[in-house]
Structures are given as C-alpha cells and as structure tokens.
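What follows is the residue order along each chain.
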Amino acid sequence: QKEVEQNSGPLSVPEGAIASLNCTYSDRGSQSFFWYRQYSGKSPELIMSIYSNGDKEDGRFTAQLNKASQYVSLLIRDSQPSDSATYLCAVKAGGTSYGKLTFGQGTILTVHP
Amino acid sequence: ETGVTQTPRHLVMGMTNKKSLKCEQHLGHNAMYWYKQSAKKPLELMFVYNFKEQTENNSVPSRFSPECPNSSHLFLHLHTLQPEDSALYLCASSQERGPGLQYFGPGTRLTVT
C-alpha cells in the first residue's frame, strides 16, 4: 500500500483555469505536508507547506488540508503555461525525530494556451 | 553560495570507474539526504544523515557508498555501477527537528555507459 498517493495524470487545463491537484496519505499521525514543483530535468522546488487543517494561500497557490479525511490538495488559480510541471506531494510522518519525508509519485500538470 | 549545491552537475562514467558526487548545504541544517530519481519514476530515498550519523539506508547496493564528514557536506562515492544506475541524483537538507522542510540541490545527472 502506497503511503502517499497522487493521481499521476497528466492533468490538462486551459490557461487561466483553476488546476486542482490531490494527494492522500495513509499515516493518520502525519504532521507536516508539502507541495513541490519539479520542472523536467530539474530538482524539486518547495512551493507550499501546510501544518493545520484548513486553507493556506500564497499568491495563486492555495493548499488545503483535511486531516480527518487524510488528504491534502493544491489549487493553482489563473493557471499559466509556466505552471506546467510535475507536482509532488510530500508528508512528514508523525513520531519521526528528523525531517524525513515520504513523497508521492507526482502529478503531471499541463497548462495549454 | 546559497542553498544546496551539488557537483558535478553532469557525469558520464564507465562501469569500471570510480567517481564521487558532492553536496554542500549553506542553510545551517543538520540532516542531509540522498535521493535517486530515474526517468518517469518517483523519488527514491537512498540515505539519511543526521548530525553526521547515518540513520537510514534504504537497501541501497554497496556500489553506492555515502560519506558525511560534517553537517554541511555529503558525498556519494560510486564504483562499478550498472547502466540502470543512470539517473538524477538529488541531495537535500533539512533541520533535524522541526516541520521537515527539505530543500533540494540542483542534482547530478549521471549516465553510466
């Protein structure tokens, strides 16, 4: 059973639309949740972190966390072609004494003009 | 230098060669990680170091040998690699305690011929 699961996509949205990316996790004690963006051939770049239930907004990005349902999502408003990338969901499990993260397999997002 | 740096950025080596990858973090972190990312596959955690001590080895073949002389530097020594070891090797760092924010270096693109 995968610990962090994402729909691998590809998810295709038109420019200007809202892209919605979802992630579920299996460890109910998980504490911290992250979204990374990875362009082809590049390293992952941290774009959002969320630690408590609810929404967290940063510019065009909104992360949503629901610990009861064990899912975390990322909304990208006014999607741009430059948002086309693979988005990785990462979770820090509860009880770990260091910053080890478990990553999902990533969702490929394509924003077409 | 800022953030996490990795050298070399690209490496081509034969199966009988010995080479080393270097990672340096300038963030004051005390945990460092090696990941492998093969084409169209999710991130694979290879090794974890906390305060220079190896705390995790995810069944990595012995042809990969990590070294962490201090909290700022991490090496991955390579010898007698196989073509299937060709991948993007990523280094990351984080605080040993805390929410688990990991920052990645740019990666080394390794090709084994």
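For the structure, check the block above.
From a predicted model like this one, the values you see are computed outputs, not experimental measurements.

(A) Structural detail: the interface of chain A and chain B. Listed per partner, the contact involves 21 residues of chain A and 26 residues of chain B. Counting the contacts that link chain A with chain B gives 0 salt bridges. Summed over the shared surface of chain A and chain B, the number is 3 residue pairs in polar contact (both at pLDDT 80 or more). For the side of chain A that touches chain B, the secondary structure elements donating two or more residues are β4 (32–38), β5 (45–50) and β9 (85–92) of chain A. Looking at the side of chain A that touches chain B element by element, the count peaks at 4 residues for β4 of chain A. Residues of the side of chain A that touches chain B, tallied by class, amount to 9 nonpolar, 9 polar and 3 charged.

(B) The arrangement of the state of the cysteines in detail. Here the structure, examined in full by the defined rule, presents 2 disulfides over all chains. Sulfur-sulfur distance for the disulfide between Cys23 of chain A and Cys89 of chain A comes to 2.1 Å. Because the torsion about its S-S bond is -70°, the bridge between Cys23 of chain A and Cys89 of chain A counts as left-handed. In this pair, Cys23 of chain A is assigned in strand β3 (residues 19–25) and Cys89 of chain A in strand β9, connecting sequence segments 66 residues apart. Classification of Cys89 of chain A by relative accessible area gives buried; the value is 0%. Note that Cys23 of chain B is cross-linked by a disulfide to Cys91 of chain B, the S-S spacing being 1.9 Å.

What counts, and where the lines are drawn
- Residues numbered from 1 in each chain as written.
- Chains lettered and ligands numbered in written order.
- Predicted model: local features only at pLDDT ≥ 70, side-chain atom pairs only at ≥ 80, totals over all residues.
- Heavy atoms only, no water.
- Contact = heavy atoms within 4.5 Å.
- Salt bridge = Lys/Arg side-chain N within 4 Å of Asp/Glu carboxyl O.
- Polar contact = N/O pair within 3.5 Å; in protein donor to acceptor, adjacent residues only side chain to side chain.
- Helix = DSSP H or I, 4+ residues; strand = E, 2+ residues; numbered from the N terminus.
- Nonpolar A, V, L, I, M, F, W, Y, C, P; charged D, E, K, R; others polar.
- Disulfide = S-S within 2.5 Å.
- Buried < 20%, exposed > 50% of the residue type's maximum accessible area, 1.4 Å probe, protein only.

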